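In case you want the letters, here they are:
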Amino acid sequence: GAGVSQSPSNKVTEKGKDVELRCDPISGHTALYWYRQSLGQGLEFLIYFQGNSAPDKSGLPSDRFSAERTGGSVSTLTIQRTQQEDSAVYLCASSADSGQPWGYTFGSGTRLTVV
Amino acid sequence: GENVEQHPSTLSVQEGDSAVIKCTYSDSASNYFPWYKQELGKGPQLIIDIRSNVGEKKDQRIAVTLNKTAKHFSLHITETQPEDSAVYFCASRPGANNLFFGTGTRLTVIP
């Protein structure tokens with residue numbers, strides 16, 4: 001696609017429910033990144049994919065968070081048993097190669113609200 | 001791990017004045033320093049970047065400077081315009097594959 005597409009753009013969920021956030025990177029981009037942006041805060045690194053593998057999962061805040069990428073393209077971030085502190089904007093970015101961070105392109109994000 | 005600090009958190013300037021945002025980083029292995037602009041409801045957009053082998057880079061009204069010895073880098077916007085109003089993030093790459101971001105600066109340009 002022309003850009004990084006994220007869906008849904010907004011998600012309101014009840015505490016304790018599971019949610020899935022989707023990221024569709026730029027066609028041909030092999031590297032994909034997930035970040036979390038809490039209100040008034042910077043971007044917190046969550047996980048990075050090179051192709052379908054995730055060499056760096058160090059940023060996932062707890063075992064309730066997981067992510068996968070299939071076919072070297074679409075990625076889903078899953079949050080199980082959501083908590084109110086999970087409320088944030090979840091941003092996805094992609095780049096042509098993990099060695100070319102200057103090619104980072106962000107999507108518009110998914111705003112998650114846990115009530 | 002890398003720690004990026006950004007100041008100020010908010011900045012208001014009169015239209016036509018200059019704006020300066022400063023960042024420091026902790027990992028001496030960092031070799032790439034981009035700046036992103038985020039408008040309301042949108043993802044961050046890359047506006048300028050600098051690599052560790054140069055000290056300054058300019059693109060029209062925007063410039064970035066890097067001092068590797070002191071581990072700090074700055075964004076300079078001259079002749080500010082209302083459309084420059086946004087949140088700006090600095091970032092660094094400490095040799096790994098992902099970027100570490102500062103906490104952002106909300107810039108308001110007053111017409």
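Whatever comes next refers back to the structure up there.
Remember, it's a predicted structure, so these values are computed and weren't measured experimentally.

Contacts between chain B and chain A engage 19 residues on the former and 19 residues on the latter. Summed over the shared surface of chain B and chain A, the result is zero salt bridges. Residue assignment for the side of chain B that touches chain A shows that the elements contributing at least two residues are β4 (32-38) and β5 (45-51) of chain B. When residues in the side of chain B that touches chain A are grouped by element, the largest group, four residues, is from β5(B).

So, about the sheet that holds strand β7 (residues 65-69) of chain A. All names here are of chain A. Pairing in this open sheet of four strands is antiparallel, and the strands run β1-β3-β8-β7 from one edge to the other. At either end of the open sheet lies a strand with only one pairing partner, and these are β1 (5-7) and β7. In this sheet, adjacent strand axes meet at a mean angle of 15° when their direction is disregarded. Of the pairings in the sheet, the one linking β1 to strand β3 (residues 19-24) comprises three bridges and is antiparallel in character. Paired with Ser5 across the bridge in β3 is Asp24.

Parameters and conventions
Residues numbered from 1 in each chain as written. Chains lettered and ligands numbered in written order. Predicted model: local features only at pLDDT ≥ 70, side-chain atom pairs only at ≥ 80, totals over all residues. Heavy atoms only, no water. Contact = heavy atoms within 4.5 Å. Salt bridge = Lys/Arg side-chain N within 4 Å of Asp/Glu carboxyl O. Helix = DSSP H or I, 4+ residues; strand = E, 2+ residues; numbered from the N terminus. Pairing = 2+ DSSP bridges. Axes fitted to C-alpha atoms, helices over the stretch in contact; angles between N-to-C directions.

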